[in-house]
Amino acid sequence: MSYVASAEDQRVIRLGLISEVANAYFVLLESEQRSELLEQTLQTRERHVALTQRKRDVGAASDLDVNIAQGALSSAQSDAASMRRQLEQSRNALALLVGGRLPTPLPAGLSLASQNLNLQWGANLSSDVLLRRPDVRAAEQRLMA
């Protein structure tokens, strides 16, 4: 009986690792999407600064307007740098979980919006699911032993 419990414990660890890899992959997808969005924001802010400077040159904007636009650009640059760091941390976390280097580029997956995830389980979830959990089955085997 103890052997069966150990086998169930092994399944618990395997399922936990699979869960962590999947979670890290979704975090990486989210980080990549946010990074792309911030890069677009950065480009937009750069164009806005250039436009505001041209407007100031022809007298349609003040130095204050240019300073505000440059402040927004600086903020976007800071956010983009922070996101690049977070993106690398997400990649490193996934590489650590899979036990090696990730292929570059990572094979394309579905975007987060395209993922068909239905996490609405609620009260209709069968108790059979609980009884199939390896941690529950391991505890059951230990009780029998």
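Overview of the structure. Remember, it's a predicted structure, so these values are computed and weren't measured experimentally.

### With respect to the pattern of salt bridges
- Enumeration according to the criterion identifies 6 salt bridges in this entry.
- One salt bridge connects Arg 34 with Glu 30, and the closest N-O pair in it is separated by 3.8 Å. With Arg 34 and Glu 30 both in helix α1 (residues 2-57) and 4 residues apart, the pair spans about one turn of that helix.
- In this structure, Arg 56 and Asp 57 form a salt bridge, with 3.9 Å as the shortest nitrogen-oxygen distance.
- Judged by relative accessible area, which is 60%, Asp 57 ranks as exposed.

### A closer look at helix α2 (residues 63-98)
- The end-to-end C-alpha separation of α2 is 52 Å, in line with the 52 Å expected for 36 residues at 1.5 Å each.
- Taken residue by residue, α2 has Val 66, Ala 69, Leu 73, Ala 76, Ala 80, Met 83, Leu 87, Ser 90, Leu 94 and Ala 95 as its buried positions.
- Two residues or fewer past α2, Gly 99 is found with a positive phi of approximately 80°.

### Comments concerning the packing of aromatic side chains
- Under the defined criterion, the tally for this structure stands at 1 aromatic pair.
- Seen in terms of ring centroids, Tyr 25 and Phe 26 are 6.2 Å apart; in terms of plane orientation they differ by 55°. Their pairing is tilted.
- On the basis of relative accessible area, Tyr 25 is assigned to the partly exposed category, the value being 24%.
- Phe 26 sits in the partly exposed class, given a relative accessible area of 26%.

### Overview of the layout of surface pockets
- In this model, the largest pocket occupies a volume close to 240 Å³.
- Together, Leu 28, Glu 32, Glu 88, Arg 91, Asn 92, Ala 95, Arg 101, Leu 102, Pro 103, Thr 104, Pro 105 and Leu 106 line the largest pocket.
- Looking at the lining of the largest pocket, the elements that each hand over two or more residues are α1 and α2.
- The leading source of residues in the lining of the largest pocket is α2, at 4 residues.
- Looking at the lining of the largest pocket residue by residue, the class counts come to 6 nonpolar, 2 polar and 4 charged.

Rules and cut-offs
Residues numbered from 1 in each chain as written. Predicted model: local features only at pLDDT ≥ 70, side-chain atom pairs only at ≥ 80, totals over all residues. Heavy atoms only, no water. Salt bridge = Lys/Arg side-chain N within 4 Å of Asp/Glu carboxyl O. Helix = DSSP H or I, 4+ residues; strand = E, 2+ residues; numbered from the N terminus. Buried < 20%, exposed > 50% of the residue type's maximum accessible area, 1.4 Å probe, protein only. Expected span 1.5 Å × (residues − 1). Phe/Tyr/Trp six-rings, centres within 6.5 Å; stacked < 30°, edge-to-face > 60°. 1 Å grid on protein atoms, 1.4 Å probe; cavity = no way out; pocket = protein on both sides within 12 Å on 5 of 7 lines; lining within 4 Å. Points joined across faces, edges and corners; volume = space filled by probe spheres on them. Nonpolar A, V, L, I, M, F, W, Y, C, P; charged D, E, K, R; others polar.

Distances and angles like these do not, on their own, reveal function.
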